[in-house]
Amino acid sequence: MVYLDTLLSQHYSAESLAAAVRTAIGKPLRRAAPLTQLALVGALACLPENRRHLPSALLWQSTGGPRAETQALLREVFIGSGEPMPYDFLATQPAIAAAQIKPYFPGLQSASYFPLAKKGIAEWFQTLTLAINWLEEERYAQILCAHLDTNTGTATGHWLVLTKLPLEKARFKLQLNCIGSSPQLPDTPDFPQLLSEAPINSLALQSPAGFRLALEFTRL
Amino acid sequence: MKRPVFIAECGLLCARGGNAQAVAAALWAGESSSSTRRLGDREFPYFSLPLAEPNWLKHAEQAVRHVGTQLGPLPAETPLFVASSSFQIGHFEQQGEPFDLPAANAAFSCQIADWLQLSGSLTSINNACISGFSAIDTARSLIAGGQIDDAVIIGIELSNDSTLAGFAAMELLSRTACRPFDVRRDGLVLGEAVAAIRLSSTPAPWRIAGLRTGLDAYSMTGPDPAGGPIGRVTVDCLNEANLLSNEIDLIKVQAAGSPGSDLAEANALRQVFGEQIPPLVSLKAALGHTLGASGISELVALIACLDAGKIPATAGYQQADPEIWPIFPVDRNIRQIKRALLSLIGFGGGLASMIIERA
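The shown structure was predicted, so the numbers you read here are calculated from the model rather than taken from an experiment.

J.: Hey, could you go over the overall build of chain A for me, with residue numbers and the actual values?
T.: Looking only at helices and strands, chain A features 7 helices and 9 strands. Relative to the compact-globule value of 17 Å for 220 residues, chain A shows a C-alpha radius of gyration of 18 Å, a close match. Across its three principal directions, the C-alpha atoms of chain A cover 60 × 40 × 30 Å. In chain A, buried positions account for 58% of the 220 residues. Intrachain contacts of chain A at a sequence separation of at least 6 include 72% that bridge at least 24 residues. Roughly 8,600 Å² of accessible area belongs to chain A as shown, and the carbon and sulfur atoms make up 54% of that amount. In chain A, which carries 18 positive and 17 negative side-chain charges, the distance between the mean positions of the two groups comes to 2 Å.

Laid out in structure tokens, this is it:
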């Protein structure tokens, strides 16, 4: 049994994202790509200060990824000077986000970035299943799962935080069960928002082809 | 882990050859030649695939189909995990302006699934240089947890100027050769590779005994020189495998020829293994640093070496670095290895250690 402690959805404009970063850490996050900034404000909003030192993993997915940054890199390499500015190249590398946010989230021990292959379809089922497995193995005390996207002028983050032990404000318990009759929510980027707004006590997340089990959420 | 996970099949295409056994034979023979890639006024050594096709997408298709064939027949519903740090950026370079990238950044994975004729679940992972082990860790956890029984994990990194230019801009590349742990080492040499494994809950000759990933936030481009985070991930991996450090027979080190990372890795080895450091081998001077494909390509190549009972010498190593000594790669030798540890140190702070053992 695993518990869903936090559901969070954040929406920012480019300006308000930078402001949110300053509010969260008291200064700008220097040379950080928008996805990294979004990861930082989301992770810190999900975790109170006294939980940021606990052994944690971050599993995050994105549909567009660093699209604008990659296009800028391609223009620099093929239309510009031929060699990019180092930080322009780093901005195209989502893997560095974890290293940039770790100083503010010292318990972060591991991070994985899952770029998505289709627009409108997410991989919450798989990341949550992975998180359940790792929590049951006691690899980590908590696992943050996120879908982050920055498009032209907007930034959206959806977050779920899973823990092995129920916290006072835990919202759901999660279980992998045989595929049953609970109403199913689609695996889309905004799944945390849909889950938060669902008016029923028990529901399942649509599982991908080939998986034998369904992920069931029961409201506490 | 609730049930063991085995490495059932392997496939490989890299600069050293078109399958795992050919690559192992080339490594044993000491082959390490590379080609070059030009970037503006500068030229860099580069490990290219032995494919003549100039069209990037057709080149990718040939490589993926070639490696897929080596895995044998696969049920169409087999889950597929794709590890890469650059995906199809080379294709968009060839397409030119306006660089119309797809709305979903791993759309290329759908193409790979089609080439492999797989229609089951599809997952993409980009954790820079540790992408391959992250993908294996993900698939292994799902198999061990009983959610799936088999998975194909493919690592793919194909030539593109964007990655080369980015690494060049950060002065991370050697202009001459990769020299792991050598005093003259001066940077990485990049390369192409496509490699795949099929993981299974069904017993096979090699089992994954432990796999852990970690994070080193010392800087965005290099690890803590003291090696602390690398050492901790190695210890986590040993603990997961329930092994003592003296039960490791061989280590495939990262040792990519980077002045800072090689030193950090050597310091980590000292912390974990003390004075009893197992034999070491690095494959990057012969295969190139294939970034998101490096974990899987080096795993497949190493397993082929171990199956042949032939541990290759580390190309590029000639002169000891006093800061690293007495840590150095072994000469080529014939020995039976029961357990090997493989280490990855990623650009961007990712770390990974994996232990494989004979089942």
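Still to come is the rest of the account.
J.: Which residues make up the sheet that holds strand S3 (residues 108–115) of chain A, and what are the values?
T.: Residues and elements named next belong to chain A. On the basis of which strands lie adjacent, the open sheet formed by 9 strands has the order S3-S2-S4-S5-S1-S6-S9-S8-S7 and mixed pairing. The open sheet has two edge strands, S3 and strand S7 (184–185), and neither has a second partner. The sheet contact formed by strand S2 (residues 56–62) and S3 spans 7 bridges and is parallel. Of the residues in S3, the one forming a bridge with glutamine 61 is phenylalanine 114. Set on the sheet, helix H6 (residues 124–136) makes contact with strand S1 (2–13), S2, S3, strand S4 (142–151), strand S5 (154–163), strand S6 (172–178), strand S8 (202–205) and strand S9 (213–219); between it and S4 the angle comes to about 155°.

J.: Outline the packing of helix H2 (residues 56–70) of chain B against helix H4 (residues 108–115) of chain B, supporting the account with residue identities and numerical values.
T.: Residue and element names in this part refer to chain B. One can describe the packing of H2 onto H4 by two numbers: an axis separation of 9 Å at closest approach and a directional angle of 50°. By the criterion of interaxial angle, the relationship of H2 to H4 is oblique. In the crossing of H2 with H4, the sense of the turn from one axis to the other is right-handed. Residues Trp56, Leu57, Ala60, Glu61, Val64 and Arg65 of H2 lie in contact with H4, whose contacting residues are Phe108, Ile112 and Trp115.

J.: Describe in detail the environment of Ser119(B), supporting the description with residues and values.
T.: Residues and elements named next belong to chain B. Along the chain, serine 119 falls in the loop between H4 and strand S5 (122–125). By relative accessible area, which is 57% here, serine 119 ends up exposed. Taking C-alpha positions, serine 119 is 41 Å from glutamate 171, a pair spaced 52 residues apart along the chain.

J.: Give a detailed account of the packing of aromatic side chains, specifying residues and quantitative values.
T.: This structure, assessed with the given rule, holds 13 aromatic pairs over all chains. Ring geometry for Phe89(A) against Phe167(B): centres 5.8 Å apart, planes inclined by 65°, an arrangement best described as edge-to-face. In this pair, Phe89(A) sits in helix H4 (residues 86–90) while Phe167(B) sits in helix H6 (residues 161–169), so the two residues belong to two different chains. Of the residues examined, Phe89(A) reaches a relative accessible area of 1% and is grouped as buried. Judged by its relative accessible area of 4%, Phe167(B) falls in the buried class. With centroids separated by 6.3 Å and ring planes inclined at 45°, the aromatic side chains of Trp124(A) and Phe191(A) adopt a geometry described as tilted. Residue Trp124(A) is found in helix H6, and its partner Phe191(A) is found in helix H7 (residues 191–197); the two are separated by 67 residues along the sequence.

J.: Talk me through the interface of chain B and chain A; I want residue IDs and the actual numbers.
T.: Listed as interface residues are 63 residues of chain B and, on the opposing side, 58 residues of chain A. Between the two partners, chain B and chain A, sit 4 salt bridges. In this structure, Arg139(A) engages Asp137(B) in a salt bridge whose closest nitrogen and oxygen atoms are separated by 2.9 Å. Elements supplying a minimum of two residues to the side of chain B that touches chain A: helix H3 (89–95), H4, S5, helix H5 (131–144), H6 and strand S8 (206–215) of chain B.

J.: Would you mind going over H2(B) in detail, with residue names and values included?
T.: All names here are of chain B. For H2, built from 15 residues, the straight-helix expectation of 21 Å at 1.5 Å per residue is met to within 8% by its first-to-last C-alpha distance of 22 Å. Within H2, the full set of buried residues consists of Trp56, His59, Ala60, Ala63, Val64, Val67 and Gly68. Buried residues along H2 cover an arc of 160° about the axis, so they all sit on one side.

J.: A description of the pairing of S9(A) should follow, citing residues and the corresponding values.
T.: Residues and elements named next belong to chain A. Of all 7 residues in S9, 5 are buried; the element is thus mostly enclosed. Bridge analysis of S8 against S9 gives 4 bridges, and the strand direction is antiparallel. Opposite leucine 203, over in S9, you have phenylalanine 217 as the bridge partner.

J.: Lay out the sheet that holds strand S9 (residues 250–252) of chain B with the relevant residues and their values.
T.: Residues and elements named next belong to chain B. The strand order across the open sheet formed by 10 strands is S5-S4-S6-S7-S1-S8-S14-S13-S9-S10, and the pairing between neighbours is mixed. This sheet does not close on itself; its edge strands, each paired only once, are S5 and strand S10 (280–281). Pairing between S9 and strand S13 (residues 339–345): 3 bridges, direction parallel. Within S13, the residue paired with lysine 252 across the bridge is leucine 342. Contacting S8, S13 and strand S14 (350–358), helix H7 (residues 228–241) runs over the sheet at an angle of about 145° to S8.

Rules used throughout
- Think of each chain on its own: its residues are numbered from 1, step by step along the sequence as written.
- Here the convention is simple: chains get letters from A, ligands get numbers from 1, in the order in which they are written.
- Two thresholds apply to this predicted model, a pLDDT of at least 70 for residue-level local features and 80 or more for giving and counting side-chain atom pairs, whereas whole-chain, interface and lining totals are computed over all residues.
- As a rule here, side-chain values cover all heavy atoms of the structure and leave hydrogens and water aside.
- Under the DSSP-based scheme used, a helix requires at least four consecutive residues in state H or I and a strand at least two consecutive residues in state E, with every element numbered from the N terminus.
- In this treatment the radius of gyration is a C-alpha quantity, and the globule benchmark scales as 2.2 Å times the residue count to the 0.38 power.
- Throughout, exposure labels follow a simple rule: accessible area from a 1.4 Å probe, protein chains only, divided by the maximum for the residue type, with under 20% read as buried, over 50% as exposed, and the rest as partly exposed.
- Any two residues whose heavy atoms approach within 4.5 Å at even a single point are treated as in contact.
- For the accessible areas, the method is Shrake-Rupley and the probe is 1.4 Å, while residue cover comes only from the protein chains on display.
- In this tally Asp and Glu are treated as negative and Lys and Arg as positive; neither His nor the chain ends contributes.
- We put the charge of a Lys on NZ, of an Arg on CZ, of an Asp on CG and of a Glu on CD.
- At least two DSSP bridges between two strands are needed for those strands to be called paired.
- Each axis is a line fitted through C-alpha atoms, taken for helices only over the stretch in contact, and angles between the N-to-C directions span 0 to 180 degrees.
- These descriptions rest on fixed angle ranges, namely under 35 degrees for roughly parallel, over 145 for roughly antiparallel, 65 to 115 for roughly perpendicular, and the rest for oblique.
- Put simply, a crossing is left-handed when the front helix is turned counterclockwise from the back one by less than a right angle, and right-handed when it is turned clockwise.
- Any two rings among Phe, Tyr and Trp, with Trp reduced to its six-membered ring, count as a pair given centres within 6.5 Å; such a pair is stacked if its planes are under 30 degrees apart, edge-to-face if over 60, and tilted if neither.
- Put simply, a salt bridge is a Lys or Arg side-chain nitrogen that is within 4 Å of an Asp or Glu carboxyl oxygen.
- In this analysis, the expected span of each helix is defined as 1.5 Å times one less than the number of residues it contains.
- Each C-beta atom gives one direction from the helix axis, and the arc is the one those directions make.

The quantities given are spatial measurements derived from coordinates; they are silent on function.
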